[in-house]
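Overview (structure and organization)
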Number of protein chains: 2
Amino acid sequence: MERIGFIGTGVMGLPMAGHLLDAGYPLGVFNRTPERAAPLLERGAVWHDDPASVASASDVVVTIVGFPADVEEVYLGGGGVLAHAAEGALAIDMTTSSPLLARRIAEAGEERGVAVLDAPVSGGDTGARNGTLAIMVGGDEDAFGRALPLFEAMGSNITRLGGPGAGQYTKMCNQIAIASGMVGVCESMHYARAAGLDPARVVETIEKGAAGSWSLSNLMPRAIAGDFAPGFKIKHFVKDLRIALDSAVEMGLDLPGLTMAHALYAALEAAGEGEDGTQALLRRYEQE
Amino acid sequence: MERIGFIGTGVMGLPMAGHLLDAGYPLGVFNRTPERAAPLLERGAVWHDDPASVASASDVVVTIVGFPADVEEVYLGGGGVLAHAAEGALAIDMTTSSPLLARRIAEAGEERGVAVLDAPVSGGDTGARNGTLAIMVGGDEDAFGRALPLFEAMGSNITRLGGPGAGQYTKMCNQIAIASGMVGVCESMHYARAAGLDPARVVETIEKGAAGSWSLSNLMPRAIAGDFAPGFKIKHFVKDLRIALDSAVEMGLDLPGLTMAHALYAALEAAGEGEDGTQALLRRYEQE
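1. Description of the overall build of chain A
In terms of regular secondary structure, chain A is built from 14 helices and nine strands. Relative to the globule expectation of 19 Å for 288 residues, the C-alpha radius of gyration of chain A, 20 Å, shows essentially globular dimensions. Dimensions of chain A, computed from the C-alpha atoms along their principal axes, are close to 65 × 45 × 35 Å. When burial is assessed residue by residue, chain A has 58% of its 288 residues classed as buried. Taking the intrachain contacts of chain A between residues at least 6 apart in sequence as the baseline, contacts between residues at least 24 apart amount to 66%. Working note: accessible area of chain A is about 10,600 Å², and carbon and sulfur atoms make up 51% of it. Put simply, chain A has 21 plus and 36 minus side-chain charges, and the middle of one group is 4 Å from the middle of the other.

2. Brief notes about the nonpolar core
Counting 98 residues, the largest nonpolar core has Met220(A) and Met220(B) as the members making the most contacts within it. Apart from residues no more than four positions distant in its own chain, Met220(A) is found in contact with Met182(A), Val185(A), Cys186(A), Met189(A), Val203(A), Ser215(A) and Gln279(A). One finds Leu40(A), Ala45(A), Val62(A) and Leu133(A) within the second-largest nonpolar core, a separate group that totals 33 residues.

3. A short note on the environment of Gly109(B)
Tracing the backbone shows Gly109(B) in helix H6 (residues 99-112). Dropping the residues within four chain positions of it, Gly109(B) is found in contact with Leu82(B), Val114(B) and Val116(B).

4. Concerning the relation of the copies chain A and chain B
By a simple turn and slide, chain A fits onto chain B: the slide is 0.0 Å along the axis, the RMSD is 0.0 Å, and the turn is 180°. In the structure described here, the two chain copies are related by an operation that fits a two-fold rotation axis. Both copies contact each other with a shared surface, as 100% of the interface residues of chain A are interface residues in chain B too.

5. Things to note about the packing of helix H10 (residues 199-206) of chain A against helix H9 (residues 166-194) of chain B
Taken N-terminus to C-terminus, the directions of H10(A) and H9(B) make an angle of 65°; their axes are 10 Å apart at the nearest point. Our classification of the angle between H10(A) and H9(B) gives roughly perpendicular. When you trace H10(A) past H9(B), the crossing you get is right-handed. Here H10(A) contributes Val202(A), Thr205(A) and Ile206(A) to the contact with H9(B), which in turn contributes Thr170(B), Cys173(B) and Asn174(B).

6. Structural notes on the interface of chain A and chain B
Taken together, the contact pairs 56 residues of chain A with 56 residues of chain B. Where chain A abuts chain B, roughly 4,500 Å² becomes buried across the two surfaces, and 66% of that area is made up of carbon and sulfur atoms. Connecting chain A to chain B are two salt bridges. Taken together, the elements giving at least two residues each to the side of chain A that touches chain B come down to helix H6 (99-112), strand E9 (155-162), helix H9 (166-194), H10, helix H11 (214-224), helix H12 (234-250), helix H13 (256-273) and helix H14 (281-286) of chain A.

7. Description of the domain arrangement of chain A
Interface size is commonly expressed as the accessible surface area that is lost when the partners come together. Residue and element names in this part refer to chain A. With domains assigned, chain A is organised as domain 1 (4-164) and domain 2 (172-286). With 11 residues of domain 1 at the contact, the number on the domain 2 side is eight residues. Of the roughly 690 Å² buried between domain 1 and domain 2, counting both surfaces, carbon and sulfur atoms make up 66%. It is Thr 96, Pro 99 and Leu 100 in domain 1 that bury the most area against domain 2; as a group they hold 47% of the surface buried on that side. Run the count over domain 1 and domain 2 and you get zero salt bridges. At the junction of domain 1 with domain 2, the criterion picks out two residue pairs in polar contact (both at pLDDT 80 or more). In terms of residue class, the side of domain 1 that touches domain 2 is built from four nonpolar, six polar and one charged.

8. Some points on the side chain of Thr96(B)
All names here are of chain B. With respect to the element layout, Thr 96 can be found in the loop between strand E5 (90-93) and H6. Engagement of the side chain of Thr 96 in a polar contact is seen with the side chain of Lys 171, the distance being 2.6 Å. Leave out the neighbours within four places in its chain, and Thr 96 touches Gly 66, Pro 120, Val 121, Gln 168, Lys 171, Met 172, Lys 239, Asp 240 and Ile 243.

9. Side note on the pairing of strand E6 (residues 115-118) of chain A
Here four bridges tie strand E5 (residues 90-93) of chain A to E6(A), and the two strands are oriented parallel to one another. Its bridge partner lying in E6(A), Ala91(A) is registered against Val116(A).

10. Overview of the pairing of strand E2 (residues 27-30) of chain A
Residue and element names in this part refer to chain A. A two-sided burial pattern is seen for E2, the buried positions comprising Leu 27 and Val 29 on one face and Gly 28 and Phe 30 on the other. Between the parallel elements strand E1 (residues 4-7) and E2, the chain passes through helix H1 (residues 13-22) in a crossover that is right-handed. Two elements, E2 and strand E3 (residues 46-47), share two bridges in a ladder whose sense is parallel. Residue Gly 28 lies in a different strand from E3, and its bridge partner there is Val 46.

11. Focus: helix H4 (residues 68-76) of chain B
Residues and elements named next belong to chain B. Every buried residue of H4 is listed here: Pro 68, Asp 70, Val 71, Val 74 and Tyr 75. Around the axis of H4, the buried residues are gathered within 155° of arc, so they sit on the same side. Along H4, the residues that are exposed and aim more than 90 degrees away from the buried face are Ala 69 and Glu 73. The secondary structure elements touched by the buried residues of H4 are strand E1 (4-7), strand E4 (60-63), helix H5 (81-84), E5, H6 and helix H13 (234-250).

12. Details of the environment of Ile224(B)
Residue and element names in this part refer to chain B. Within the fold, Ile 224 resides in helix H12 (residues 220-224). A relative accessible area of 18% places Ile 224 in the buried class. Between the C-alpha atoms of Ile 224 and Met 189, which are 35 residues apart in sequence, the distance is 7.7 Å. The contact partners of Ile 224, leaving out residues within four places of it in the chain, are Met 189, Arg 193, Pro 199, Ala 200, Val 203 and Leu 282.

13. So, a negative patch on the surface
Residue and element names in this part refer to chain A. A cluster of acidic side chains, namely Glu 107, Glu 110, Glu 111, Asp 140 and Asp 142, defines a negative patch on the protein surface. The greatest single-element share of the negative patch, amounting to three residues, is contributed by H6. Summarising the element assignment, Asp 142 is placed in helix H8 (residues 141-154).

14. Remarks on the state of the cysteines
Overall, the coordinates contain zero disulfides over all chains when judged by the stated rule. With no disulfide of its own, Cys173(A) lies closest to Cys186(B) among cysteine sulfurs, the gap being 13 Å.

15. Here's the deal with the packing of aromatic side chains
Tallied over the full model, the rule gives 10 aromatic pairs over all chains. An angle of 40° between the planes, with centres 5.8 Å apart, marks the rings of Phe30(A) and Trp47(A) as tilted. Linking Phe30(A) in strand E2 with Trp47(A) in strand E3, this pair joins segments that are 17 residues apart in sequence. Where Phe232(B) meets Phe237(B), the ring centres are 6.0 Å apart and the plane angle is 80°; that geometry is what we call edge-to-face. An aromatic cluster of three or more residues is present, and its members are Phe232(A), Phe237(A) and Tyr265(A). Geometry around Phe67(B) places Lys239(B) over its ring, the cationic atom sitting 5.8 Å from the centre. The lysine or arginine in question, Arg284(B), covers the ring of Tyr285(B), its NZ or CZ lying 4.7 Å from the ring centre.

Reading the values: rules and limits
Residues numbered from 1 in each chain as written. Chains lettered and ligands numbered in written order. Predicted model: local features only at pLDDT ≥ 70, side-chain atom pairs only at ≥ 80, totals over all residues. Heavy atoms only, no water. Helix = DSSP H or I, 4+ residues; strand = E, 2+ residues; numbered from the N terminus. Rg over C-alpha atoms; globule rule 2.2 N^0.38 Å. Buried < 20%, exposed > 50% of the residue type's maximum accessible area, 1.4 Å probe, protein only. Contact = heavy atoms within 4.5 Å. Areas by Shrake-Rupley, 256 points an atom, 1.4 Å probe, with all protein chains shown as cover. Lys, Arg positive; Asp, Glu negative; His and termini not counted. Charge placed at Lys NZ, Arg CZ, Asp CG, Glu CD. Core = buried A, V, L, I, M, F, W, Y, C linked by side-chain atoms within 4.5 Å. Least-squares fit on C-alpha atoms with pLDDT ≥ 70 in both. Axes fitted to C-alpha atoms, helices over the stretch in contact; angles between N-to-C directions. Parallel < 35°, antiparallel > 145°, perpendicular 65-115°, else oblique. Left-handed = near helix turned anticlockwise from the far one by under 90°. Buried area = accessible area lost by both parts, 1.4 Å probe. Salt bridge = Lys/Arg side-chain N within 4 Å of Asp/Glu carboxyl O. Domains from an automatic or database assignment. Polar contact = N/O pair within 3.5 Å; in protein donor to acceptor, adjacent residues only side chain to side chain. Nonpolar A, V, L, I, M, F, W, Y, C, P; charged D, E, K, R; others polar. Pairing = 2+ DSSP bridges. Right-handed = clockwise from strand over helix to strand, strands pointing away. Arc of directions from axis to C-beta. Patch = residues over 30% accessible without salt bridge, like charges linked within 9 Å, V, L, I, M, F, W, Y side chains within 5 Å. Disulfide = S-S within 2.5 Å. Phe/Tyr/Trp six-rings, centres within 6.5 Å; stacked < 30°, edge-to-face > 60°. Lys NZ or Arg CZ within 6 Å of the ring centre and 35° of its normal.

Below is the structure:
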């Protein structure tokens, strides 16, 4: 079996790497905060002190780190994956990150004989734990075939949508649709409450028709009940929307809904609510 | 059986009145454009020359007309329903209209011994034809009980959400959620295309997760394929969003997503696209 190196064992990466152990892969790991990798080491994974060491000891490197700047450093830095992976290795970045950066990394990989896929996920920590993540993949078709058994260990809805960057672009499509949708469902609930309606009954009434959405049915009942626990944290959503906005600007697109949703969520983060779930947008309206 | 008077036999009202005939109710009808009522007259409905005549000949008056101004005239005008209905009559306005107007009409009805319900619908002309409309009802509970057999002839998801105006407020909650949701899915599809992705495959990939919505799954495949036939016409959506905005202002609410969605759709209507379906918002982006 291929030797896997896993970089980034946070709330998403830890259970994802666990599924690779479950599937029998030899696993080397690195994480900026070493303690978080402990559950994997107890199960036989091997610790490495830096990304370079992980890369040189692995056939396939999987990364899921924080921001595009982290991805850039882990891949393109002097101590990074591409400088230390063997020719013929495969690298898979599962961070939600910049599409153009994904293309740059894929190009740099090609020069060194390292195939690179961008493969961001959706489904949150629950999906990561249950192995039911959606995985949106961009990159070479042969590399995708090689990665598929790993993806199948971690997710259940796995699609390759094009060449390098296509996974990231698709993830941005996902976040763009959610962003304005959240504005709509939160404004709907705020209006319901102001009108003296029972918002929970409004959800039950309108979710069956053209207003139906995952956000309405899954997040609004929580928000109405004052439950703002994440789900998906506002600080991570703001990061993603910022990537989407930057990417839209790179393509010369004017997306006013995305721009507004980003501003609303960024204001919540600035107000100290970054650790709350995205449904806490409802609070922004109630503070009027 | 109660004698029904039906005012407004347009694209929604005509099939709705037809279901009441199917259920065996004696039916009197009036419509501003008389020819549109012809299919009902052929089936035994009785023509009336004005709303006053319909009202004085009926136990229950059902209205579904155009704009709040039309509702006001039909109910509160000198030749209107409330001036001519018998004491003990029931009036049901199924137009999507102003919540505060619905309250005024209910109060005026109470003074004359006429019970009034506001009962706007969703589900479009397809729902009207198939008798599967969602009916959102506000008003007195006894009046709702009396109206229920009629509602059951016309719809399948029938809910009373509170006193007078609650039906209209709930319909506005529905439209507010849809409005920003449409902005989100259209921006997502526009971004997908600009990024070189196949938008139809993006829909298939993201609709199963947190980005899933009725609008994404049902309207975006049509929009992507260049099919802008209504569904629900932009000019009617602009009317509804205007009512929602006015109503939000009356309650002192600031709903930036609704404000933006209204502006985007109003611009499309001003550009002559009022007869297209709401999915034609995608065109606004493609004309950049």
